[in-house]
Amino acid sequence: MKHTTIIESLKETVGKESLFSTRDLIAFLKKQYPELQESTLGWKINQLKKEELIFQVGRGFYSFTQKPEFEPVLSLRSKRLYNKVKKLVPELEICIWELGMLNQILEEETDRYLVFIAAKKEALELLFSEMLGFSKKVFLNPDKTTIERYVLPAEEAILLVPLVTETPLMEINDTLLPSLEALLVDTYIKNDLLLKPIGCSTEQIFQEAFKKYKVNQSKLLRYAARRDKREELNTFIQTIKKT
């Protein structure tokens, strides 16, 4: 059987836009080649990869297309904010992301300016005190009440949040940003409390991210485990893949 025919059958099984695991792939190939041993199936997978019929996405996951890496675009004012904060605490590792990055995934625009600055938890109090003189409102790891009363009504806000250890990060133009995987996990966690009330659809963000960009699902789930959300988020991802 031609490999192209095999791939068309696989697409019907897992969905054209879907990521699929090594386990799913081996189970499918066993049905197509029942006479082959599992070690030989590994060779068959390598053949499919060499012919660029499937592409590895992280450890243990595959896709039918080679998608581009997501390169988050930080607005000029956020870049200036990052530089300003770094001057205040040059030795402190900080990561920044903004609502505009989600709109970048969705290819939408918004007038709301919401930016997150993450740093190690024990340094947040110091960072907050240094930023009190900023023109925009700064909130220190706000709770549900603070978000509902003060953050959601504001058109512009800066949120200081803890930087979780082993957060997947990337550096662009001397600025530390979350990787797409970290951005998606944080989006999921902040959905009900912060993003859904301002009209962001987490389902749509995930669907568009997986459709347009290379998502390392193993990296995403490792970070989700650091946030105690691995199983919950994995279930969510499997659900949106079916829609």
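Scroll up for the structure.
Structure report, in brief.

Conventions adopted
- Residues take numbers from 1 onward in each chain, read along the sequence in its written order.
- Totals for whole chains, interfaces and linings use every residue, but because this is a predicted model, local features are given only for residues with pLDDT of at least 70 and side-chain atom pairs only at 80 or more, for both listing and counting.
- Hydrogens and waters are ignored; side-chain quantities use all the structure's heavy atoms.
- Criterion used throughout: strands pair if DSSP finds at least two bridges between them.
- Strands here are runs of E lasting at least two residues and helices are runs of H or I lasting at least four, both read from the DSSP assignment and numbered beginning at the N terminus.
- Note on geometry: axes are C-alpha line fits, over the in-contact stretch for helices, and angles between N-to-C directions span 0 to 180 degrees.
- Contact criterion: two residues are considered in contact whenever any of their non-hydrogen atoms come within 4.5 Å of each other.
- Here, a salt bridge means any side-chain nitrogen of Lys or Arg that lies within 4 Å of a carboxyl oxygen of Asp or Glu.
- Exposure classes here rest on a 1.4 Å probe applied to the protein chains alone. A residue is buried below 20% of its type maximum, exposed above 50%, and partly exposed in between.
- When describing relative orientation, an angle under 35 degrees is termed roughly parallel and one over 145 degrees roughly antiparallel, while 65 to 115 degrees is termed roughly perpendicular and anything else oblique.
- Left-handed is the label given to a crossing in which the near helix is rotated counterclockwise from the far helix by less than a right angle, and right-handed is the label when the rotation is clockwise.
- Each residue is assigned to one class: nonpolar for Ala, Val, Leu, Ile, Met, Phe, Trp, Tyr, Cys and Pro, charged for Asp, Glu, Lys and Arg, and polar for all the others, Gly among them.

1. With respect to the sheet that holds strand E3 (residues 61–63)
The strand order across the open sheet formed by three strands is E1-E3-E2, and the pairing between neighbours is antiparallel. The open sheet is flanked by strand E1 (20–21) and strand E2 (55–56), the only strands paired with a single partner. For E2 and E3, the ladder comprises two bridges, and the chain directions are antiparallel. Considered in E3, the bridge of phenylalanine 55 is made with serine 63.

2. Describing the sheet that holds strand E5 (residues 113–119)
Spatially, E4-E5-E7-E6 is the arrangement adopted by the four strands of the open sheet, whose pairing is mixed. Two strands close off the open sheet at either side, each with one partner strand: strand E4 (95–98) and strand E6 (138–140). Between one strand axis and the next, the sheet turns through 20° on average, direction left out of account. On top of the sheet, helix H5 (residues 99–106) reaches E4 and E5; it is set at about 55° to E4, its chief contact. This element, helix H6 (residues 124–131), spans E5, E6 and strand E7 (156–162) of the sheet and lies at about 160° to E7.

3. Examining the pattern of salt bridges
Taken as a whole and judged by the stated rule, the model has nine salt bridges. In this structure, the salt-bridge partner of lysine 212 is glutamate 107, at a minimum N-O distance of 3.1 Å. Highlighted residues: lysine 212 in helix H10 (residues 202–212) and glutamate 107 in the loop between H5 and E5, separated in sequence by 105 residues. Taking the shortest distance from any N to any O, the salt bridge between glutamate 148 and lysine 144 comes out at 2.6 Å. Residue glutamate 148 and its partner lysine 144 are located together in helix H7 (residues 144–151), separated by four residues, close to a single helical turn. Judged by relative accessible area, which is 42%, glutamate 148 ranks as partly exposed.

4. Quick notes on the packing of helix H8 (residues 180–189) against helix H11 (residues 217–226)
It is the contact of H8 with H11, at a shortest axis distance of 9 Å, that shows an interaxial angle of 45°. Regarding the angle of H8 to H11, the classification is oblique. Between H8 and H11 lies a crossing whose hand is right-handed. Residues Glu181, Ala182, Leu184, Val185 and Asp186 of H8 touch H11, and the partners they reach there are Lys219, Leu220, Tyr223 and Ala224. In terms of residue class, the contact of H8 with H11 is made up of six nonpolar, no polar and three charged.

Such coordinate-based values are descriptive only and should not be taken to indicate function.
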